[in-house]
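These are the residues of each chain, in order.
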Amino acid sequence: MRFDQVWFRYARRAQWTLRTVDATVEPGATVVVLGRNGAGKSTLLQLAAGVLRPVLGAVRDRPPIVGWVPERFPADQAFTAGQYLTRMAALRGLRGSAQAEHWIERLGLAEHCHTRLADLSKGTAQKVGLAQALLVTPGLLVLDEPWEGLDSVARTLIPHIVGEVTAAGGAVLVSDHRGEIAGLPDAIHWTVADGEVHTGAQPETDEVVVEVAVRRTAADATVARLRAEGHRILTVRAPGGPWPGRAEPQDAEDSTRAADAAGDGVTR
Amino acid sequence: MIALVRMRLAAFLRSGRALAPVITALVVLGIIHGGGRSAAAPAYGYSAVMLFPVLAWQAKLLLDGEPDVQRRLARLTIGARREAVAGLLAATVLAVVFCAVAMLVPWWPLHAIRGPEPGSVEPSLAAGIVLGVLAHLLAVPAAVALGALASRAVTRTVRNGLTVLVTGSVLVIVLGLSSSVAPWLVPPVMATARALSADQLPAAGTLWLLIGWTTLWCAAAFGGYGRLRRSRS
């Protein structure tokens, strides 16, 4: 798939969101799109998926089957999770609910199968969004912040799923601002900044994210020991939100991640 | 595409959105048919006129019921053209069922339809019903087209959508009056009602003119809808 001199803006008199995008995604490749909030990552992904049409230029050779996981799953629908996936499978031309059930099982959605979409938690709704994109193995899988709201088990599944799609010859585009890309060691990096897409950055292959739960009383000591051993501390969080005054993240980017984090007392 | 038609109909009927047009239509039908018994052709002609804005509103509600992101997902899944057509088909199916029920209401519970007066040249009861079916079938695609043009996928905002819907509905009545200077700008809903309320059976040429007029108007409206949908996701 190829971006051929793509320009895009949301309205006729608006500023260009993306300019002169010239890039290629080879079959079997994983591309991680990096950039600050509002840089145009989602716009680039939607252009790749075919959700948005370029104002100038064209996206060529897009595979016929595209799976798109939007940043926010549209949960305001009058279906249960199971009904929704079965109907989306029917849209894909699949008979019966076997594929829907496969992904319901695999993503741990079985207990939410009869829950209305509107009543699902953010992470569970995101899993439904992921499942609908995978009902048929896509030639292009576009994941817009797929880790957002997912629990740790589901997060570790994403690299496996990406690997399966690329192994089948599909390409994967994924945006990330949470530092989860370490789980995609062979990914190519694109950076979106100032309306331009910079390709060709080499991936860092020597880092992975490990989540470790420790006792509250041992948190400071553990953080100090891990730092002393040369590890980067991304976040320290406690149930209900960040852990104020403890183990400050090392840079501004990490501060964003700390603010986003929520859940059990976990050191990353 | 049929799967998407079924999905959209199911989503619409499960949501509470379906209720408001139904209640409105029942009120409208009560007003039209509640005043006494009438011959079938004029009664159905004017019921088609009164139902036109309700059908357009219903089409808009159906098309707007789906979140924008879900509409884009459907578009990716089955293609842009088939996604747009599926929405129109779903709205048309719903409107046809709606009209069928609306045509039964004057029989039961209102008992508002009578046969031709003895000695008059009024159309027979059967001819009146057939003409009534025709009037509603001519109103359905035009109303769906107006609802589609007022839908959020085209107008983007609630204000714009309501403006298109209300203005379109008013113009259908105003420009459809017999003294109108530009009746061809709107579908012939009023012209059909006038033809059906004449003392005698309308000429075949008149009916073909109404059918051709509706076809051309709907072709232009659906063409515009398709063009606008292509440029707006």
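How each quantity is defined
Residues numbered from 1 in each chain as written. Chains lettered and ligands numbered in written order. Predicted model: local features only at pLDDT ≥ 70, side-chain atom pairs only at ≥ 80, totals over all residues. Heavy atoms only, no water. UniProt positions renumbered as here; feature names shortened; annotations may be inferred. Helix = DSSP H or I, 4+ residues; strand = E, 2+ residues; numbered from the N terminus. Buried < 20%, exposed > 50% of the residue type's maximum accessible area, 1.4 Å probe, protein only. Pairing = 2+ DSSP bridges. Right-handed = clockwise from strand over helix to strand, strands pointing away. Phe/Tyr/Trp six-rings, centres within 6.5 Å; stacked < 30°, edge-to-face > 60°. Lys NZ or Arg CZ within 6 Å of the ring centre and 35° of its normal. Contact = heavy atoms within 4.5 Å. Salt bridge = Lys/Arg side-chain N within 4 Å of Asp/Glu carboxyl O. Polar contact = N/O pair within 3.5 Å; in protein donor to acceptor, adjacent residues only side chain to side chain. Nonpolar A, V, L, I, M, F, W, Y, C, P; charged D, E, K, R; others polar. Core = buried A, V, L, I, M, F, W, Y, C linked by side-chain atoms within 4.5 Å. Patch = residues over 30% accessible without salt bridge, like charges linked within 9 Å, V, L, I, M, F, W, Y side chains within 5 Å. Areas by Shrake-Rupley, 256 points an atom, 1.4 Å probe, with all protein chains shown as cover. Lys, Arg positive; Asp, Glu negative; His and termini not counted. Charge placed at Lys NZ, Arg CZ, Asp CG, Glu CD. Axes fitted to C-alpha atoms, helices over the stretch in contact; angles between N-to-C directions.

Visitor: Help me understand the UniProt feature "transmembrane region" (unreviewed entry) in chain B in this model?
Guide: Residue and element names in this part refer to chain B. Per the UniProt record, "transmembrane region" (unreviewed entry) is annotated on residues 44-63, 84-105, 125-150, 162-186 and 206-225. Secondary structure content for residues 162-186 is 52% helix and 0% strand, and the end C-alpha separation is 18 Å. Along residues 206-225 the backbone is 100% helical and 0% strand, and the end-to-end C-alpha distance reaches 28 Å.

Visitor: Mind showing me how you'd approach the environment of Val170 of chain B here?
Guide: Residue and element names in this part refer to chain B. Along the chain, Val170 turns up in helix 8 (residues 158-174). For Val170, a relative accessible area of 44% translates into the label partly exposed. With 13 residues separating them in the primary sequence, Val170 and Thr157 have C-alpha atoms 20 Å apart.

Visitor: What am I meant to see in the pairing of strand 7 (residues 171-175) of chain A here?
Guide: All names here are of chain A. Among the five residues that make up strand 7, five are buried, leaving the element largely enclosed by the rest of the structure. Sheet analysis places strand 3 (residues 30-34) next to strand 7, joined by four bridges and oriented parallel. Among the inter-strand pairings, Val33 is bridged to a residue of strand 7, identified as Ser175. The pairing of strand 6 (residues 140-143) with strand 7 spans four bridges and is parallel. Note on strand 7: the bridge partner recorded for Leu143 is Val174. Handedness of the strand 6-helix 5 (residues 152-167)-strand 7 crossover: right-handed.

Visitor: When you look at the pairing of strand 1 (residues 2-8) of chain A in this model, what are you seeing that I'm missing?
Guide: Side-chain direction in a regular strand flips from residue to residue, so the side chains alternate between the two faces of the sheet. Residues and elements named next belong to chain A. Of the strand pairs in this sheet, strand 1 and strand 2 (residues 18-24) are connected by four bridges, and their pairing is antiparallel. The residue bridging Phe8 from the neighbouring strand is Leu18, located in strand 2. Examined bridge by bridge, strand 1 and strand 4 (residues 56-60) share four bridges and lie antiparallel to one another. Counted as the bridge partner of Phe3 is Val59 from strand 4.

Visitor: What is the right way to look at the packing of aromatic side chains in this model?
Guide: Within a pair of aromatic rings, the relevant descriptors are the distance that separates the centres and the angle that separates the planes. Residue and element names in this part refer to chain A. Applying the stated rule across the entire model yields four aromatic pairs over all chains. Their ring planes at 70° and their centres at 6.0 Å tell us that Phe3 and Trp190 sit as a pair that is edge-to-face. Linking Phe3 in strand 1 with Trp190 in strand 8 (residues 188-193), this pair joins segments that are 187 residues apart in sequence. The same class applies to Phe3 and to Trp190, which are both buried. The ring of Trp16 has Arg9 lying over it, and the distance from NZ or CZ to the ring centre is 4.1 Å.

Visitor: Help me understand the interface of chain A and chain B in this model?
Guide: Accessible area lost when the parts come together is the quantity often used to give the size of an interface. At the junction of the two partners, chain A supplies 22 residues and chain B supplies 20 residues. At the boundary of chain A and chain B, one finds zero salt bridges. For the pair chain A and chain B, the number of links is four residue pairs in polar contact (both at pLDDT 80 or more). Counting only elements with at least two residues in the side of chain A that touches chain B, the list comes to strand 5 (66-69) and helix 2 (81-91) of chain A. No other element matches helix 2 of chain A, which puts six residues into the side of chain A that touches chain B. Here the residues of the side of chain A that touches chain B sort into 13 nonpolar, four polar and five charged.

Visitor: Before we go on, may I ask you to explain the nonpolar core in this structure?
Guide: In a soluble, globular protein the nonpolar side chains are often hidden away together inside. Ranked by size, the top nonpolar core spans 133 residues in total, and within it Phe3, Leu44, Tyr84, Val128, Leu143 and Trp190 of chain A carry the most contacts. The leading source of residues in this core is helix 3 (residues 40-64) of chain B, at twelve residues. Of all hydrophobic cores here, the second largest spans five residues; its members include Ala40, Tyr44, Met103 and Ile113 of chain B.

Visitor: What is the right way to read a positive patch on the surface from this model?
Guide: Judged by side-chain charge, Arg53 of chain A together with Arg81, Arg227 and Arg230 of chain B come together as a positively charged surface patch. Counting through the fold element by element, Arg230 of chain B comes out in helix 10 (residues 204-231). Arg230 of chain B gets classed as partly exposed once you look at its relative accessible area, which sits at 48%.

Visitor: What am I meant to see in the environment of Arg229 of chain B here?
Guide: Residue and element names in this part refer to chain B. Relative to the assigned elements, Arg229 resides in helix 10. On a C-alpha basis, the gap between Arg229 and Ala80 in space is 8.4 Å, while along the polypeptide they are 149 residues apart. Discounting chain neighbours no more than four positions away, the residues touching Arg229 are Arg71, Arg75, Glu83, Ala84, Ala153 and Val154.

Visitor: Explain the sheet that holds strand 1 of chain A here, please?
Guide: Across a sheet, strands are paired by hydrogen bonds formed along the backbone, either parallel or antiparallel in direction. All names here are of chain A. Ordered in space as 2-1-4, the three strands form an open sheet in which the pairing is antiparallel. At either margin of the open sheet sits one strand with a lone partner, and together these are strand 2 and strand 4. With strand direction ignored, the average angle separating the axes of adjacent strands in the sheet is 20°. Docked against the sheet, helix 1 (residues 41-49) engages strand 1, strand 2 and strand 4, running at close to 125° with respect to strand 1.

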